[in-house]
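Next come the chains, spelled out residue by residue.
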Amino acid sequence: MREFIAKYHLKGKTVAAAVSGGADSLALALRLKEAGCKVVALTVDHGLRQESGAEAAYVGELMKNNDILMKNNDIEHHILVWNAPKPQNGIEEAARQARYRLMLEFCRQRGIKFLATGHHRRDQAETFLLRLQRGSGVFGLSAMLPISYRDGIALIRPQLNEAPEDLRDYLRRRHIRWVEDPMNQDDDFARVKIRRFLPQLAEIGLDEKRLADTAAILCRTRLFIQELADKFVATSVRFWADAAASLSYRKLTDLHEEVARPVLGQLINRIGGGDYPPEADEVRRILTEGDDFRGCTLGGCELFIAAKRLWIVPQDKKNRLMSKAEWESFAAVHPEYRNTGLPYKVRRALKEKLKD
């Protein structure tokens, strides 16, 4: 933990910690505090189990009284409630999305730049196998990064190299009780099925450390490819007030596919506002169609060719029409766009983006 804090210069910084009451997240909050961070613990009450409210309250009490346990100050604690209607299907993914949405919103409102999660080495191994099962490439098989960014907030995972049993031992030595989530034993979830399979893999040498180490090796390759992609975006892509992006379609397709795919995925995420890149096969199709490419929708975006350039705009499902008078009115306020010869869909996207 202290090595991670030193590497990313987090000592003395305010860090929000996702704390569910499980061993991994409780250890996360307390260890961040020990390492010199100012910790704000966030517990999301999903309302999916009768006990969730009491468990969230227990976390608050523990954060309040950790000065006795650690001879230190209280940890500020907040309970965030997921009040939205719950879906009938895909509840695990919906709950995860809601959890991050609530915590990231809290961080933005409070000006907190770092959000820490308790993911550990076994989580990394499970993620690697889940991605392998889905047929992922280098980016997917590199699993979770130690630090990534979402909506301007740095998501940090300081415990990725730690064994879960070590985190439990840390709590036992301090006589701290944690909560076991029954969903972690539910075989309806793919991650739980993989977790039960890990001991069999360990018998042939594929234990969680080996799997996590493999993900770390692939991560280095991923970061190299991402660096090349970022350089291309910085030098060859033009953004139009984040309402649209444009670039030479030929220059994009001349890139090695392993670089072109993250370039295009990054642009689609930025313009479409998605949390995850689009499916690799869909991106590959756009890159390989060449002169036959006529446009498509993907990741909340519409992609099309105009003047030999690839344009990416947010998908307008309502297909709103914009009159010439509306554009003239907009251009009077934003004259920098008046004589640019922009395609109609880009002008419409600019008007929607900058209407306020």
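Each chain has its residues counted from 1, following the order in which its sequence is written. Local features in this predicted model are restricted to residues of pLDDT 70 or higher, and side-chain atom pairs are both shown and tallied only at a pLDDT of 80 or more, whereas totals for entire chains, interfaces and linings draw on every residue. Side-chain metrics rest on all non-hydrogen atoms present in the structure, leaving aside hydrogens and water.

**Some points on the sheet that holds strand 11 (residues 309-314)**
Now for step 1: One open sheet holds the five strands; their spatial order is 7-8-11-10-9, and the pairing between them is antiparallel. If you trace the sheet from one side to the other, it starts and ends with strand 7 (238-240) and strand 9 (296-298), each paired once. Each adjacent strand pair in this sheet contributes to an overall mean axis angle of 25°, direction not counted.
Now for step 2: Strands qualify as paired when DSSP identifies two bridges or more between them. Only runs of H or I of at least four residues qualify as helices and only runs of E of at least two qualify as strands under DSSP, and these elements are numbered from the N terminus. Judged from the four bridges that link them, strand 8 (residues 244-248) and strand 11 form a sheet pairing that is antiparallel. Angular values range over 0 to 180 degrees, each being the angle between N-to-C directions of two axes fitted as lines to C-alpha atoms, with helices fitted over their stretch in contact.

**Side note on the pairing of strand 6 (residues 153-156)**
Now for step 1: Neither face of strand 6 is open: one carries Ile153 and Leu155, the other Ala154 and Ile156, and all of them are buried.
Now for step 2: Inspection of the sheet shows strand 4 (residues 114-116) paired to strand 6 by three bridges, in the parallel sense. The residue bridging Ala116 from the neighbouring strand is Ile156, located in strand 6.
Now for step 3: Two strands pair when backbone bridges link them, and strand 5 (residues 147-150) and strand 6 are joined in this way by four bridges, in the antiparallel orientation. Of the residues in strand 6, the one forming a bridge with Tyr149 is Ala154.
Now for step 4: In sequence, strand 5 turns back onto strand 6 through a hairpin of two residues, with Asp151 there showing a positive phi of about 55°. Working definition: with a 1.4 Å probe on protein chains only, accessible area under 20% of the residue-type maximum means buried, over 50% means exposed, and in between means partly exposed.

**Regarding the sheet that holds strand 1 (residues 14-18)**
Now for step 1: The six strands lie next to each other as 3-2-1-4-6-5, forming an open sheet whose pairing is mixed. Every interior strand has two partners, whereas the edge strands, strand 3 (76-81) and strand 5, have only one. In this sheet, adjacent strand axes meet at a mean angle of 30° when their direction is disregarded.
Now for step 2: Note: strand 2 (residues 38-45) against strand 3, six bridges, orientation parallel.

**Observations regarding unusual backbone geometry**
Now for step 1: Positive phi, normally seen in glycine, also occurs at Ala143, with a value near 60°.
Now for step 2: Looking at the element boundaries, Ala143 is found in the loop between helix 7 (138-141) and strand 5.

**Considering the nonpolar core**
Now for step 1: Ranked by size, the top nonpolar core spans 34 residues in total, and within it Ile5, Leu26, Leu32, Met63, Ile156 and Leu171 carry the most contacts.
Now for step 2: Elements that contribute at least two residues to this core include exactly helix 1 (2-7), strand 1, helix 2 (23-34), strand 2, helix 3 (52-64), strand 4, strand 6 and helix 8 (164-173).
Now for step 3: The element best represented in this core is helix 2, accounting for seven residues.
Now for step 4: Only buried Ala, Val, Leu, Ile, Met, Phe, Trp, Tyr and Cys residues count toward a nonpolar core, and they belong to the same one when joined by side-chain atoms within 4.5 Å. Grouped together as the second largest cluster of nonpolar side chains are 26 residues, Val233, Val237, Val263 and Leu303 included.

**Some thoughts on the pattern of salt bridges**
For side chains of opposite charge, pairing can occur when their charged atoms come near one another.
Now for step 1: Any carboxyl oxygen of Asp or Glu that lies within 4 Å of a side-chain nitrogen of Lys or Arg is treated as forming a salt bridge with it. By the definition in use, this model includes 27 salt bridges.
Now for step 2: The closest approach of N and O atoms between Glu34 and Arg174, which form a salt bridge, is 3.3 Å. Taken together, the residues Glu34 in helix 2 and Arg174 in the loop between helix 8 and helix 9 (190-202) connect sequence positions 140 residues apart.
Now for step 3: Of the charged contacts in the structure, one is a salt bridge between Arg320 and Glu352, with a shortest N-O distance of 4.0 Å. Note that Arg320 is positioned in the loop between strand 11 and helix 14 (324-333) and Glu352 in helix 15 (residues 344-353), a separation of 32 residues in sequence.
Now for step 4: Since its relative accessible area comes to 36%, Arg320 is described here as partly exposed.

**Focus on helix 3**
Now for step 1: Working rule for helices: expected span equals 1.5 Å times residues minus one. The terminal C-alpha atoms of helix 3, which comprises 13 residues, lie 19 Å apart, in line with the 18 Å expected from a rise of 1.5 Å per residue.
Now for step 2: When helix 3 is considered as a whole, its buried residues turn out to be Ser52, Glu55, Ala56, Tyr58, Val59, Gly60, Leu62 and Met63.

**Observations concerning the side chain of Thr127**
Now for step 1: As for its placement among the helices and strands, Thr127 is situated in helix 6 (residues 121-133).
Now for step 2: The class for Thr127 is buried, based on a relative accessible area of 4%.

**Details of the packing of helix 6 against helix 9**
Now for step 1: Here helix 6 crosses helix 9 at 105°, and the two axes come no closer than 10 Å. By the angle between their directions, the pair helix 6 and helix 9 is classed as roughly perpendicular. Across from Arg122, Asp123, Glu126, Thr127, Leu129 and Leu130 in helix 6, the residues of helix 9 making contact are Ala190, Arg191, Ile194, Arg195, Leu198 and Leu201.
Now for step 2: Looking at the contact of helix 6 with helix 9 residue by residue, the classes come out as six nonpolar, one polar and five charged. Between 65 and 115 degrees an angle is taken as roughly perpendicular, under 35 as roughly parallel, over 145 as roughly antiparallel, and anywhere else as oblique. Contacts were defined at the residue level, with two residues in contact if any of their heavy atoms lie within 4.5 Å. Think of it as three bins: nonpolar holds Ala, Val, Leu, Ile, Met, Phe, Trp, Tyr, Cys and Pro, charged holds Asp, Glu, Lys and Arg, and polar takes everything else, Gly as well.

**Here we look at the pairing of strand 10 (residues 301-306)**
Now for step 1: Of the pairings in the sheet, the one linking strand 9 to strand 10 comprises three bridges and is antiparallel in character. Residue pairing for strand 10: Leu298 is matched across the bridge by Cys301.
Now for step 2: A loop of two residues connects strand 9 with strand 10, the two strands running antiparallel in sequence, and Gly299 in this loop sits at a positive phi of about 60°.
Now for step 3: In terms of strand pairing, strand 10 meets strand 11 through six bridges, oriented antiparallel. Within the sheet, the bridge partner assigned to Glu302 lies in strand 11 and is Val313.
Now for step 4: Where strand 10 folds back on strand 11, the antiparallel hairpin that results is connected by two residues, among which Ala307 adopts a positive phi of roughly 55°.

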